[in-house]
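So the chains spell out like this:
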Amino acid sequence: MQQFTPIKEGKVREVYDIGDSLVIVATDRISAFDVILKNSIVKKGAILTQMSKFWFDYTKDVVRNHMISTDVKDMPEFFRNDKFDGNSMMCRKLTMLPIECIVRGYITGSGWASYKENGTVCGIKLPEGLKESQKLPEPIYTPSTKAELGLHDENISFERSIDVLEEKFPGHGEEYAAQIKDLTLALYKKCADYAYGKGIIIADTKFEFGLDENGNVVLGDEMLTPDSSRFWPLEGYEAGKGQPSFDKQFVRDWLKANPDSGYLLPDEVVAKTVDKYKEAFALLTGRNFD
């Protein structure tokens, strides 16, 4: 049996090169504030992978994505065991674009902090009088750079995103920047409308795109998971305050309240985090995660 080792390890994922495609494994690690926590969140990787699969299937009419299969039977024998079953996705190889495509439909988090200070979010002027967690008149696109492990992403303007892409793809910067902005907004609107009907508000999220062998823009990475998005329950939603969430904001809030934790979560926080992820999965897909 051929053995494989990761060609890349991120904060929570491992990437394996299997020749003409990749296998991306979502581990049970969890990160917050760009730090990998000492705990594992059991089944988290499988929930994230299956949620991404759901969204990739749902949005394939908007843009082609990199997913080939989440069934380990379609992968080399090395992956056909419990370690990889459910949390692995075989994907097309892409040349990734060096931009995090962030879209915000509601004002919260760092965006709310910035708005209170100067009325803008990532340099975009917003109407006066907005409340915390309020829905924006229209979703806004706020791209950022993609930082290496241990470094922080940097918010940039749309104009700067053109320059960043032009540096890597001379003659195509403006074209790619416009495409990924339009696709980000289209994906968000379609999925946010769907989620709202299922009882979940998608406050914000991020997408990543790459190029296939023909230079076509393809959706890659993960998609609309609790690790890459803010999910709020629609029930009880009220602008003017922070919202309970289905995502790892719960972990972030606990860490903020316990600065001396050494990034080690108590068992009850781990258990509640798993339950939050499972609840979001069930609401969005109509299936209980087993």
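Residues numbered from 1 in each chain as written. Predicted model: local features only at pLDDT ≥ 70, side-chain atom pairs only at ≥ 80, totals over all residues. Heavy atoms only, no water.

K.L.:
Help me get a handle on the overall build of the protein, residues and values and all.
P.N.:
Looking only at helices and strands, one finds six helices and 16 strands in the protein. Across its three principal axes, the protein shows a C-alpha extent of roughly 60 × 50 × 40 Å. A separation of at least 24 residues holds for 60% of the contacts in the protein among residues at least 6 apart in sequence. Computed over 37 positive and 46 negative side-chain charges, the inter-centroid distance for the protein is 3 Å. (Helix = DSSP H or I, 4+ residues; strand = E, 2+ residues; numbered from the N terminus. Contact = heavy atoms within 4.5 Å. Lys, Arg positive; Asp, Glu negative; His and termini not counted. Charge placed at Lys NZ, Arg CZ, Asp CG, Glu CD.)

K.L.:
Help me get a handle on the sheet that holds strand β3 (residues 21–26), residues and values and all.
P.N.:
Read across the open sheet, the five strands follow the order β1-β2-β3-β7-β6; overall the sheet is antiparallel. Both edges of this open sheet fall to β1 (8–9) and β6 (67–69), since each of them pairs with a single strand only. Relative to strand β2 (residues 13–17), β1 is paired through two bridges, and the arrangement is antiparallel. Bridged to Glu 9 within β2 is Glu 14. Contacts from helix α1 (residues 44–58) reach β3, β6 and β7 (88–92), with the element oriented near 40 degrees to β7. (Pairing = 2+ DSSP bridges. Axes fitted to C-alpha atoms, helices over the stretch in contact; angles between N-to-C directions.)

K.L.:
Can you tell me about the pattern of salt bridges, naming the residues and giving the values?
P.N.:
Under the defined criterion, the tally for this structure stands at 14 salt bridges. Across the salt bridge formed by Asp 221 and Arg 13, the nearest N and O atoms sit 2.6 Å from each other. Placement of the pair is Asp 221 in the loop between β15 (217–220) and β16 (229–233) and Arg 13 in strand β2, with a sequence separation of 208 residues. Given the relative accessible area of 15%, Asp 221 is considered buried. It is possible to trace a salt-bridge network through shared partners that takes in Arg 13, Glu 100, Lys 206, Glu 208 and Asp 221. (Salt bridge = Lys/Arg side-chain N within 4 Å of Asp/Glu carboxyl O. Buried < 20%, exposed > 50% of the residue type's maximum accessible area, 1.4 Å probe, protein only.)

K.L.:
Break down the environment of Glu 279 for me, citing the residues and quoting the values.
P.N.:
Tracing the sequence through the fold places Glu 279 in helix α6 (residues 267–285). With 33 residues separating them in the primary sequence, Glu 279 and Phe 246 have C-alpha atoms 7.5 Å apart.

K.L.:
Which residues make up helix α2 (residues 109–118), and what values do they have?
P.N.:
The periodicity of an α-helix, 3.6 residues per turn, causes residues three or four positions apart to be oriented the same way. Inspection of α2 places Gly 111, Trp 112 and Tyr 115 among the buried residues, and these make up the whole buried set. All buried residues of α2 fall inside an arc of 100 degrees around its axis, so they share one side. Along α2, exposed side chains directed more than 90 degrees from the buried face belong to Lys 116 and Glu 117. The inward-facing, buried residues of α2 abut β9 (99–106) and β10 (120–121). Downstream of α2 by a residue or two, Gly 119 has a phi angle that is positive, lying close to 80 degrees. (Arc of directions from axis to C-beta.)

K.L.:
Let's hear about the environment of Asp 290: which residues, and what values?
P.N.:
Locating Asp 290 in the fold gives a position in the segment after α6. Remark: the alpha-carbon pair of Asp 290 and Ala 46, spanning 244 residues in sequence, is separated by 10.0 Å.

K.L.:
How would you explain the environment of Gly 109 if you had to name every residue and give the values?
P.N.:
Of note, Gly 109 is situated in helix α2. On a C-alpha basis, the gap between Gly 109 and Ser 157 in space is 19 Å, while along the polypeptide they are 48 residues apart.

K.L.:
Kindly report on the nonpolar core, identifying the contributing residues and their values.
P.N.:
Counting 65 residues, the largest nonpolar core has Trp 55, Ile 180, Phe 207, Phe 209 and Met 223 as its most contacted members. Per-element accounting of this core gives the leading share, eleven residues, to helix α4 (residues 173–197). Not counting chain neighbours up to four residues away, the residues in contact with Phe 207 comprise Ile 99, Glu 100, Cys 101, Val 103, Thr 184, Leu 187, Tyr 188, Leu 219, Met 223 and Leu 224. Val 25, Val 72, Phe 79 and Phe 84 belong to the second-largest nonpolar core, a separate cluster that totals eleven residues. (Core = buried A, V, L, I, M, F, W, Y, C linked by side-chain atoms within 4.5 Å.)

K.L.:
Outline the pairing of strand β4 (residues 29–32), listing residues and values.
P.N.:
When β4 meets strand β5 (residues 35–40), the two strands line up antiparallel, connected through three bridges. The residue of β5 that forms the bridge with Ser 31 is Ile 36. Two successive antiparallel strands, β4 and β5, enclose a turn made up of two residues, where Phe 33 displays a positive phi of approximately 55 degrees.

K.L.:
Quick one: what's the story with the packing of aromatic side chains, residue by residue and with numbers?
P.N.:
Counting across every chain of the model gives 20 aromatic pairs. Residues Tyr 16 and Phe 78 carry aromatic rings whose centres are separated by 6.2 Å and whose planes lie at 55 degrees to one another, so their mutual orientation is tilted. Placement of the pair is Tyr 16 in strand β2 and Phe 78 in the loop between β6 and β7, with a sequence separation of 62 residues. Phe 78 carries the same exposure label as Tyr 16, and that label is buried. Seen from their ring centres, Trp 55 and Tyr 194 are 5.7 Å apart, and the 85 degrees between their planes marks the pair as edge-to-face. Pair noted here: Trp 55 is in helix α1 and Tyr 194 is in helix α4, with a separation of 139 residues, a long-range link. A connected cluster of aromatic rings, assembled from ring pairs, spans Phe 4, Tyr 16, Phe 78, Phe 79 and Phe 84. Here Lys 181 stacks its cationic end above the ring of Phe 158, 4.9 Å away from the centre of that ring. Sitting over the ring of Tyr 58, Lys 190 keeps its end group 4.5 Å from the ring centre. (Phe/Tyr/Trp six-rings, centres within 6.5 Å; stacked < 30°, edge-to-face > 60°. Lys NZ or Arg CZ within 6 Å of the ring centre and 35° of its normal.)

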